[in-house]
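Understanding the architecture of this molecule
The chain contents come next:
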Amino acid sequence: MDWAALRDRFILPEGVIYLDGNSLGPLPRGAMERVRRTVEDEWGQKLIRGWNEAGWMDWPARLGDRIGRLIGAAPGSVVVGDTLSIKVYQALASALEMHPGRRVILSDTGNFPTDLYMAEGLIASLGKGHDLRIVAPDAVEAAIDDDVAVVMLTQVDYRSGRMHDMAALTKAAHAAGAITIWDLAHSAGAHEVDLAGADFAVGCTYKYLNAGPGAPAFIYVRPDLQEEVRPALSGWLGHSEPFAFDLSYRPGRGIERMRVGTPPVLQLAALEAALDIWDGVDVGALRARSLALSGRFADGVAARCPDLVPALETGAVRGSQVSLRHPEGYAIVQALIARGVIGDFRAPDILRFGFTPLFIGEAEVDGALAILEAIMATRAWDRPEFHAKKAVT
Ligand SMILES: *Cc1c(COP(=O)(O)O)cnc(C)c1O
């Protein structure tokens, strides 16, 4: 892979080492041009004709197929729209309905809070006494029993970077008659994904896929389940004939039924350009390089910053990030940002650094290590301005 050429496809500000592509990917050069064209030529000139003439209405399924290639999903099984929180709700609502006799949703303490919050909200709305059971990540497999309707997990823990064995857990869930929902927020565009028979999967496009702030999410439904799935969010664009304007809902064909309302066309334009970059990427080679870069960083920290403790348990498989613990983690991250090394902080004590080979190489890893070592050695983080909490950490 020509990593330098890939890096050149992004706009990266001078003097910044960007280790936060796991939270918000950088701006692809092509996205600027693509969004400008959609704004000026399509919205500006075609006006409402853009829905037909520019094909806007088909983008959610067309771009879904392009994401499908990155997560090992068959064409026609992924559709794009809404935010990830909404897609989690949709998948869970459909899954629970497919399993009316069981009441437990099993998840783990490494799941991202919004996934758990959406489950809580859905449970309350359903009012059927469902139970959200949250166990430690390494206790999930043992907790799958005959009461579990749905196993709902995020493959890579947003805090520690620990990666679940998706195939093994999916197999265990299916053996117990449970349905699986995998959140691929930190997987899609980070490593190869083997859906391994998973029933539902969801993920977002603004992290490793680089489609920009607020870019829409995606949802996958296994092809043989699609006609069985009843969409809880039965919006008009998931109807079989939206422009028949029927008074009652009939689900659309296949994955189309997981659409809800009007697609975010400008964000989809950015997503399309971001996905162009992936056409030339071998995800296996990307994963190998990501592990080499994150390993280089983790080893450097272990050798040079003894106060920073790895958040990943020994022996666990690492996703595409390195997470470190320190009681003053927030201030340390602020001091790093002030020197151009952008990572982020996750409460209560985690410093998080993403390794995204599309635009990060050895030079950035070594540069970040040198600055981190200096900040730790001189306690440069211990200044009032670095302790003041901002709204987004
Ligand atoms: C980033 C992330 C989200 C964010 O959800 P939005 O609705 O897009 O804000 C949800 N779940 C997981 C696991 C995430 O990593």
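Here the structure is shown first, and the text comes after it.
An account of the accompanying structure is given in this report. Given the structure is predicted, the values throughout are model-derived calculations rather than measurements.

**Digging into the site of the ligand**
Taken together, Thr83, Leu84, Ser85, Phe112, Thr114, Asp115, Thr154, Asp183, Ala185, His186, Tyr206 and Lys207 make up the full set of residues near the ligand. Within the side chain of serine 85, a nitrogen or oxygen atom sits 2.6 Å from an oxygen atom of the ligand. Taking histidine 186, its side chain carries an N or O atom lying 2.8 Å from an oxygen atom of the ligand. Considering the ligand on its own, with 390 Å² of exposed area, one finds that the protein chains cover 86% of that surface. Looking at the shell around the ligand, the elements with two or more residues in it are α5 (84–98) and α6 (113–126). Grouping the amino acids of the shell around the ligand by side-chain chemistry returns four nonpolar, five polar and three charged.

**Focus on the side chain of aspartate 183**
Mapped onto the fold, aspartate 183 is located in strand β8 (residues 179–183). For the buried residue aspartate 183, which engages in no salt bridge, the nearest side chain bearing the opposite charge is lysine 207, 6.5 Å off. For aspartate 183, the side chain forms a polar contact with the main-chain nitrogen of alanine 185, separated by 2.9 Å. If we ignore the near neighbours within four places in the chain, the residues touching aspartate 183 are Leu84, Val88, Asp115, Leu153, Thr154, Gln155, Val202 and Gly203.

**Considerations on α5**
If you check α5, its first and last C-alpha atoms are 21 Å apart, about what 15 residues at 1.5 Å a residue would give, namely 21 Å. Along α5, the residues that are buried comprise Leu84, Lys87, Val88, Gln90, Ala91, Leu92, Ala93, Ser94, Ala95 and Leu96. Elements that come into contact with the buried residues of α5 comprise β5 (104–108), α6, β7 (148–154), β8, β9 (200–204) and β10 (217–221).

**Some points on the pairing of strand β15 (residues 350–354)**
The element β15 is extensively covered by neighbouring structure, given that five of its five residues are classed as buried. In β15, alternate side chains face the same way, and those of Ile350, Arg352 and Gly354 on one face and Leu351 and Phe353 on the other are all buried. The sheet contact formed by strand β12 (residues 321–325) and β15 spans five bridges and is antiparallel. The partner of valine 322 across the bridge, within β15, is phenylalanine 353. Where strand β14 (residues 344–346) hands over to β15, the hairpin turn is made up of three residues, counted between the paired strands.

**Some words on the environment of glycine 68**
In this fold, glycine 68 is placed in helix α4 (residues 59–71). Each C-alpha atom, one on glycine 68 and one on aspartate 138, is 28 Å from the other, the two residues being 70 residues apart in sequence. If sequence neighbours within four positions are ignored, glycine 68 has contacts with Ala73 and Val78.

**Digging into the sheet that holds strand β11 (residues 309–310)**
As summarised here, the arrangement of the four strands in space is β11-β12-β15-β14, forming an open sheet in which the pairing is antiparallel. Both outer strands of the open sheet, β11 and β14, are each paired with one neighbouring strand and no more. Across the face of the sheet, helix α10 (residues 283–304) comes into contact with β12 and β15 while running at roughly 20 degrees to β12.

**Description of empty space enclosed by the protein**
The tally for this structure, following the rule as stated, stands at two cavities of 30 Å³ or more. Approximately 50 Å³ is the volume found for the largest cavity. For the lining of the largest cavity, the class distribution of residues is six nonpolar, three polar and no charged. Taken as a whole, the second largest cavity holds about 40 Å³ of empty space. Along its surface, the second largest cavity is lined by Asp108, Gly110, Pro137, Thr154, Gln155, Val156, Asp157, Arg162 and His164. For the lining of the second largest cavity, the per-class residue count stands at two nonpolar, four polar and three charged.

About the criteria used
Residues numbered from 1 in each chain as written. Predicted model: local features only at pLDDT ≥ 70, side-chain atom pairs only at ≥ 80, totals over all residues. Heavy atoms only, no water. Near = heavy atom within 4 Å. Polar contact = N/O pair within 3.5 Å; in protein donor to acceptor, adjacent residues only side chain to side chain. Areas by Shrake-Rupley, 256 points an atom, 1.4 Å probe, with all protein chains shown as cover. Helix = DSSP H or I, 4+ residues; strand = E, 2+ residues; numbered from the N terminus. Nonpolar A, V, L, I, M, F, W, Y, C, P; charged D, E, K, R; others polar. Buried < 20%, exposed > 50% of the residue type's maximum accessible area, 1.4 Å probe, protein only. Lys, Arg positive; Asp, Glu negative; His and termini not counted. Salt bridge = Lys/Arg side-chain N within 4 Å of Asp/Glu carboxyl O. Contact = heavy atoms within 4.5 Å. Expected span 1.5 Å × (residues − 1). Pairing = 2+ DSSP bridges. Axes fitted to C-alpha atoms, helices over the stretch in contact; angles between N-to-C directions. 1 Å grid on protein atoms, 1.4 Å probe; cavity = no way out; pocket = protein on both sides within 12 Å on 5 of 7 lines; lining within 4 Å. Points joined across faces, edges and corners; volume = space filled by probe spheres on them.

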